[in-house]
Amino acid sequence: MTKELEALLKEKRIFDPSDDVVNNSNIKRWMNDRGINTYDELLERARDQNWFWGEMGRELEWFEPWNNVLEWNPPHAKWFIGGKFNIVHNALDRHMKTWRKNKVAYIWEGEPGDIRKITYYSLYREVNKFANALKSLGVKKGDKVSIYLPMIPELPIAMLACAKIGAIHSVVFSGFSARAFRQRVNDAGAKIAITVDGFYRRGKVIPLKESADEALKDAPSVEHLIVVRRAGNDIEMDEDRDIWWDELIEGQSVVCDTEIMDSEDMLFILYTSGTTGKPKGVVHVHGGYAVGTHATLKYVFDLKDDDRWWCAADIGWVTGHSYIVYAPLMLGATSIMYEGAPDYPKPDRIWDMVGRHGVTVFYTAPTMIRMFMKYGDKWPKRHDLSSLRLLGSVGEPINPEAWVWYYKKIGRERCPIMDTWWQTETGSFILTPLPITPLKPGSATKPFPSFEADVLNDDGEPITGRGGHLVIKTPWPAMLRTLYKDPERYVRQYWSTFPGVYLTGDVARKDEDGYFWLQGREDDVLNVAGHRIGSAEVESALVSHPKVAEAAVVGKPDPVRGEVIAALVILRSDVNPSPDLKDELRNHVGREIGPIAKPSMIGFVKDLPKTRSGKIMRRIIKAKIKGEPIGDISTLANPEAVAALDEMV
Ligand code: PRX
């Protein structure tokens, strides 16, 4: 730890935003209009959810107004009941009536350096054409469309086209494998799938169409696969099933009516990892999701018309859905969108882009910040970062050292850092500073106005100063409505531990000022470089290899990636351990789930600690891997397995 940082931690300094930041912020203006003077007063007034969200809802355009803001029958909430709405009307159509029609919506940069600037008008036309193309294939309101695309403009175009006609999109991260894509396509029952010939990553072409073909071998619901031309690599087209995107949209009308949806109609399904091998299909809806993401982006990242916003995430995750696609477009903002690796061809790719495009607000994950820290100060130093005015962090706890580096070397001590805590399920930020909030490095500060969060002990009592279960006590507009095809799991997973209270699955501590400090997951979900992966998923991928009898997977703390995956494997009796076999298993997991799920460490063992009901005790394995005391083993069925862990090879 640097001397500077030690001092910082000891003095527990609070970083107050400058008067300039505060007085020019959207939130301050909003407060002034309502006679609210302080941050605390804002939080107090916003406890009246009907009032607060009614105000926020009116910032968007509705075909027909709602009757009630909220109907709360725990654990089921409905928002803006009776309202008629479409998120795409707000993201595109309404801008056609204003000067924003000719404003740039996306500055897209491909990894090789090709640039496309897309105005709201051209985005609107492309979306309409593709929406009409989908209709020509028989896609109707309520149909599911699985999208397996990298970070190219056709990804938001496809999502918006679906939403425009009331179809439901399910985007699958392009880094996921064929098997993962197949599982999600089949769960959603998609009628149409969309992919690309190939895309660029670290100078190589990733042939995604091959994975899509592999996935769709066993996906009976899919009638057509639409293929975007990007890398021009050789691919095979199935004459009956496959259609080129450009050929499909040729001649389609640039006019397409926007479907009038109910506020509570489904907008998308996004799969996320849980504690079992089966991913959870998180369901979000048009109305509340739109209001929640719009308000949080406007008041946390403070976007104004002259900003250039860069949320450096992938649209395959919720961060990209909410804050690259829907919220920035609803705000009429200009966003940067980038195809490739952040450190390619050199470690200053991102800083070079910030400078060239004049980015004003930049949002990334702690794992990136730590990676850039490791590359050294010289890379950001080479670039003019003076356009930046606000920074953000998401995905995992940001350690104070990384926070301070980001603050000093990137923000040059001028830019407050918005550490936003949220989840796929929450749809929008939950714990987050506003530009008026005094910051403590490493804390996601307090809940966004109107949200009530708390930390509970096992008995459900609120605690301060100690780690406990992070819960949310009030419903919020962008909350998930259910888990697709699994409404019981929705209730069990999130609302049953403490009835009527949303269990986040994270451990946190609340300090004496009411600031929240996140400490990580409390279940068997890993957080690798800000991405959620279920241990059970990796285990089932390992066990699907013919040489593996059993496997246990835990997270191992890592200075850059937050957590890396450690796997303990019992081989079948006729198989001998070898380093080559470790590589083989690693690659197998890469094929089964995707490269991000490859275990960094594999150990071969003879036995695994289990409970009497046969559940692997990951807690014990975790302690062993971290070199910590094993703790209580009284519920262990096979105590000898603990010694077996020492004989790991
Ligand atoms: O553990 C928390 C961590 O990421 C989890 C949610 O992952 P996912 O649904 O993939 O969404 C990631 C992007 C919103 C949470 O349960 N997490 C997210 N943001 C933070 C965080 N942990 C600490 N601090 C954060 N700011």
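As shown above, the structure is provided for reference.
Thresholds applied
- Residues numbered from 1 in each chain as written.
- Predicted model: local features only at pLDDT ≥ 70, side-chain atom pairs only at ≥ 80, totals over all residues.
- Heavy atoms only, no water.
- Pairing = 2+ DSSP bridges.
- Helix = DSSP H or I, 4+ residues; strand = E, 2+ residues; numbered from the N terminus.
- Right-handed = clockwise from strand over helix to strand, strands pointing away.
- Axes fitted to C-alpha atoms, helices over the stretch in contact; angles between N-to-C directions.
- Parallel < 35°, antiparallel > 145°, perpendicular 65-115°, else oblique.
- Contact = heavy atoms within 4.5 Å.
- Nonpolar A, V, L, I, M, F, W, Y, C, P; charged D, E, K, R; others polar.
- Salt bridge = Lys/Arg side-chain N within 4 Å of Asp/Glu carboxyl O.
- Buried < 20%, exposed > 50% of the residue type's maximum accessible area, 1.4 Å probe, protein only.
- Expected span 1.5 Å × (residues − 1).
- Near = heavy atom within 4 Å.
- Polar contact = N/O pair within 3.5 Å; in protein donor to acceptor, adjacent residues only side chain to side chain.
- Areas by Shrake-Rupley, 256 points an atom, 1.4 Å probe, with all protein chains shown as cover.

Draft legend 1. The pairing of strand β30 (residues 601–604), seen in detail. With four bridges connecting them, strand β29 (residues 562–571) and β30 associate as parallel partners. Counterpart to A567 in the pairing with β30 is I602. After leaving β29, the chain enters helix α20 (residues 579–592) and then returns to the sheet as β30, a path that is right-handed.

Draft legend 2. A look at the packing of helix α15 (residues 366–375) against helix α17 (residues 400–410). Contact geometry of α15 with α17 gives a least axis separation of 10 Å together with a crossing angle of 70°. The angle between α15 and α17 places the two elements in the roughly perpendicular class. Two secondary-structure elements touch here, α15 through I369, R370, F372 and M373 and α17 through E401, A402, W405 and Y406. In the contact of α15 with α17, the residues fall into six nonpolar, no polar and two charged.

Draft legend 3. Highlighting the pattern of salt bridges. This model, assessed by the stated rule, comprises 49 salt bridges. A salt bridge links D213 to R241, with the shortest nitrogen-to-oxygen separation between them at 2.8 Å. Linking D213 in helix α10 (residues 208–216) with R241 in the loop between β11 (224–228) and β12 (242–244), this pair joins segments that are 28 residues apart in sequence. The exposure class assigned to D213 is partly exposed, which follows from its relative accessible area of 21%. Among the charged side chains, a network of salt bridges with common partners joins E109, R349, D352 and R356.

Draft legend 4. Helix α12 (residues 286–300), seen in detail. Helix length check: α12, at 15 residues, gives a terminal C-alpha distance of 21 Å against a target of 21 Å (1.5 Å per residue), a fit within 8%. With 14 of its 15 residues buried, α12 lies for the most part within the structure. A positive backbone phi angle near 60° is found at D302, which sits one or two residues after α12.

Draft legend 5. Quick look at the site of the ligand. Close to the ligand lie 17 residues, the nearest being D419, T420, T424, D506 and R532. Contact distances for the ligand include 2.8 Å between an oxygen atom and a side-chain N or O atom of D506. The contact in question runs from an oxygen atom of the ligand to an N or O atom on the side chain of R532, over 2.7 Å. Out of a free accessible area of 540 Å², the ligand has 97% covered by protein chains. Taken together, the residues of the shell around the ligand sort by class into six nonpolar, six polar and five charged.

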